[in-house]
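One letter stands for each residue in the lines below.
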Amino acid sequence: MESKQEMARSLLKTSSVSIRTKLLHKTGVSLYDTSHGFHEEVVKKKLQQFPGGSVDLQREDSGIGILTLNNPSKMNAFSGVMMLQLLERVIELESWTEGKGLIVRGAKSTFSSGSDLNAVKALGTPEDGVAMSMFMQNTLTRLMRLPLVSVALVQGRAMGGGAEVTTACDFRLMTRESEIRFVHKEMGIVPSWGGAARLVNIIGNREALKVLTGALKLDSKKALDIGMVEEVLQSSDETESLEEAQEWLKQFIKGPPEVIRALKRSVSSGKELCLEEALQNERDLLGTLWGGPANLEAIARRAKFNK
C-alpha cells in the first residue's frame, strides 16, 4: 500500500508538472508576480517616463512576423517606452494563430546597443535594476516561448542588452561585418535579461564564460565557428539581408501553422521541462493534431501514392 509520504510526493510532482507546463505554454502568463516582489504596473509607470524610439511589428501573409527595434539615433538602444512596446508586441504575437516564423531585427542596419543610458542612470538603485531585470526577463522568456520559429537578424552591432535579445531567438544570422558583444563586464554588471542562462544553452558553459568575460570577441566568423549563429549572410544591405533572412527562415515553416507551432512547442518542452513533463506535453500536442485536417490530408496523399 502506498504510504502517506509517497502519496504526498506523487501529488506534489503532479502539481509541479501542471504548474510548469502551464507557465511554459499558456499564453499571457508572466514569470513573476507580487509573490516574487515584482509589481508590474509600478515598473511600467517608471519605464513610461523614458520615451524614444519604437518596437514595430509587421505580419506577412507568409506567416512570418518582422519585429523591428527602431531607435536609430541611439543605435536602437532600448528606451523605457521601447521595453514596454516589446512586451506589447510579444503579447500580440502570442495571439497570432496564423503565425509560423519571426525575424527580430534592428532599424538602419544595426541591431541594438542595449539599454538607453538615460534610463539606466535614472533607475540607479539596486531595487530599480532588479525590477527592470524581472520585467525584461519576463518579456524575453515569453518571446523565446512563442510558438514561432524565430531568428535574430544581426546587422551592425548587438551589444549588451541587444546581445541578450539575440539569445531569446531560436536561431541567429549575421551579416559579414556585424558583431555580438556582451559588454556587461565593462559596465560593472552581469547580463540580467536572461542572456547568460540562454547563452550557456546555445554554446555551452565554457564558451559562454569566454564570451561573457570578453576573452572571446564574436565577429561573424567566430560566432559561426562556435555555433552562436547558423549562417553569415551574403549581403550587408538592409533590404537584401532581410530578404535573405526571410528565404532562410522559410525552409523551417513549410506546412500548416498548427503543425509548425506544435513542433516549436514540443522543442520548447524538451528544452525547459524534465523528461516526464516533456513526454506528457508531446501527448497533449499530438491530441490537438491527430485526426485533424493536416493529418487527414497527409494520410490521403500517402494513400493516393501507395495505390
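Computed from a predicted model, the values in this text were never measured in an experiment.

## Quick look at helix α11 (residues 257–272)
Okay, step 1: Given a rise of 1.5 Å per residue, 16 residues ought to cover 22 Å, and the 22 Å separating the end C-alpha atoms of α11 matches this to within 8%.
Okay, step 2: For α11, the complete set of buried residues consists of Ile260, Arg261, Ala262, Lys264, Arg265, Ser268 and Ser269.

## A short note on the nonpolar core
Okay, step 1: Phe135, Ile180 and Met228 are the most contacted members of the largest nonpolar core, which has 51 residues in total.
Okay, step 2: Residue contacts for Met228: discarding those within four places in its chain leaves Thr166, Thr167, Arg172, Ile180, Phe182, Leu199, Ile202, Ile203, Leu218 and Ala223.

## Concerning unusual backbone geometry
Okay, step 1: Here Asn76, not a glycine, exhibits a phi torsion of approximately 60°, which is positive.
Okay, step 2: Mapping Asn76 onto the fold places it in the loop between β2 (64–70) and α3 (80–94).
Okay, step 3: A relative accessible area of 0% places Asn76 in the buried class.

## What to know about the side chain of Arg198
Okay, step 1: With respect to the helices, strands and loops of the structure, Arg198 is situated in helix α7 (residues 195–203).
Okay, step 2: For Arg198, which is buried and forms no salt bridge, the nearest opposite charge comes from Glu164, at a distance of 4.7 Å.
Okay, step 3: A polar contact of 3.0 Å, which involves the side chain of Arg198, links it to the backbone oxygen of Trp193.
Okay, step 4: Those residues in contact with Arg198 that sit more than four places away from it in its chain are Leu140, Met144, Glu164, Thr167, Ala168 and Trp193.

## Some points on the side chain of Ser241
Okay, step 1: For Ser241, the position within the fold is in helix α10 (residues 238–250).
Okay, step 2: A residue is classified by how much of its surface remains accessible, and Ser241, at 0% relative accessible area, is buried.
Okay, step 3: Excluding residues that lie within four positions of it along the chain, Ser241 makes contacts with Leu153, Gln155, Thr175, Leu233 and Ser235.

## Here we look at a nonpolar patch on the surface
Okay, step 1: A surface patch of nonpolar side chains, about 360 Å² in accessible area, is lined by Leu117, Val120, Met187 and Ile189.
Okay, step 2: Secondary-structure assignment places Ile189 in the loop between β7 (179–181) and α7.

## Some words on the pairing of strand β6 (residues 171–174)
Remember that side chains alternate between the two faces of the sheet whenever the strand is regular.
Okay, step 1: Every second residue of β6 is oriented toward a common face, with Phe171 and Leu173 on one face and Arg172 and Met174 on the other, all of them buried.
Okay, step 2: Inspection of the sheet shows β6 paired to strand β9 (residues 231–232) by 2 bridges, in the parallel sense. Bridge assignment links Met174 to a residue of β9, and that residue is Val232.

## Quick look at the pairing of strand β4 (residues 149–154)
Okay, step 1: β4 sits mainly inside the fold: 6 of its 6 residues count as buried.
Okay, step 2: The two faces of β4 match: Val149, Val151 and Leu153 on one face and Ser150, Ala152 and Val154 on the other face are all buried.
Okay, step 3: Here strand β3 (residues 101–106) pairs with β4 via 4 bridges, running parallel. Each residue of the ladder has a partner; that of Gly101, found in β4, is Val149.
Okay, step 4: Relative to β6, β4 runs parallel, the two sharing 4 bridges. Residue pairing across strands places Val154 opposite Met174, the latter belonging to β6.

## Topic: the sheet that holds β2
Okay, step 1: As summarised here, the arrangement of the 6 strands in space is β1-β2-β3-β4-β6-β9, forming an open sheet in which the pairing is mixed. At either margin of the open sheet sits one strand with a lone partner, and together these are β1 (54–59) and β9.
Okay, step 2: Against the sheet, α3 contacts β1, β2 and β3, and its axis sits at roughly 20° relative to β1.

## Considerations on helix α12 (residues 275–289)
Spacing of three or four residues puts side chains on the same side of an α-helix, whose turn is 3.6 residues.
Okay, step 1: The terminal C-alpha atoms of α12, which comprises 15 residues, lie 21 Å apart, in line with the 21 Å expected from a rise of 1.5 Å per residue.
Okay, step 2: Where α12 is concerned, the buried positions are Glu277, Ala278, Asn281 and Leu285. Buried residues of α12, viewed axially, fall in a sector of 95°; they line one side. With respect to the buried face of α12, the exposed residues turned more than 90 degrees away are Leu275, Arg283 and Gly287.
Okay, step 3: Just beyond α12, the residue with positive phi is Gly291, at close to 80°.

## A short note on the pattern of salt bridges
Okay, step 1: Evaluated as defined, the whole model comprises 16 salt bridges.
Okay, step 2: In this structure, Arg142 engages Glu94 in a salt bridge whose closest nitrogen and oxygen atoms are separated by 2.9 Å. Of this pair, Arg142 sits in helix α5 (residues 126–144) while Glu94 sits in helix α3, placing them 48 residues apart in sequence. Grouping residues by exposure puts Arg142 and Glu94 together as buried.
Okay, step 3: The structure contains a network of salt bridges with shared partners spanning Glu40, Glu41 and Lys44.

Here is what the cut-offs are and how they apply
Residue positions within a chain follow its written sequence, with the count starting from 1. At least 70 in pLDDT is required for a residue's local features to be given in this predicted model, at least 80 for side-chain atom pairs to be given and counted, and no such filter applies to totals for whole chains, interfaces and linings, which use all residues. Side-chain metrics rest on all non-hydrogen atoms present in the structure, leaving aside hydrogens and water. Runs of H or I in DSSP of at least four residues are treated as helices and runs of E of at least two as strands, each being numbered from the N terminus. Multiplying 1.5 Å by the helix residue count minus one yields the expected span of that helix. Working definition: with a 1.4 Å probe on protein chains only, accessible area under 20% of the residue-type maximum means buried, over 50% means exposed, and in between means partly exposed. Only buried residues count toward a nonpolar core, which is a set of Ala, Val, Leu, Ile, Met, Phe, Trp, Tyr and Cys residues joined through side-chain atoms within 4.5 Å. Contacts between residues were defined by any pair of non-hydrogen atoms, one from each residue, lying within 4.5 Å. Counting rule applied: Lys, Arg positive; Asp, Glu negative; His and chain ends not counted. Put simply, a salt bridge is a Lys or Arg side-chain nitrogen that is within 4 Å of an Asp or Glu carboxyl oxygen. We call two N or O atoms a polar contact when they sit within 3.5 Å, provided that within protein one can donate a hydrogen and the other can accept it, with sequence-adjacent residues counted only if both atoms are side-chain atoms. Like charges are joined within 9 Å and nonpolar side chains (Val, Leu, Ile, Met, Phe, Trp, Tyr) within 5 Å, but only among residues with over 30% relative accessible area and no salt bridge; these make up the patches. Per-residue and other accessible areas were derived by the Shrake-Rupley procedure at a 1.4 Å probe size, with only the shown protein chains allowed to occlude residues. Only strands that DSSP links by at least two bridges are regarded as paired with each other. A fitted line through C-alpha atoms serves as each axis, taken over the contacting stretch for helices, and the angle formed by two N-to-C directions is quoted from 0 to 180°. In this context, the arc is that of the directions from the helix axis out to the C-beta atoms.

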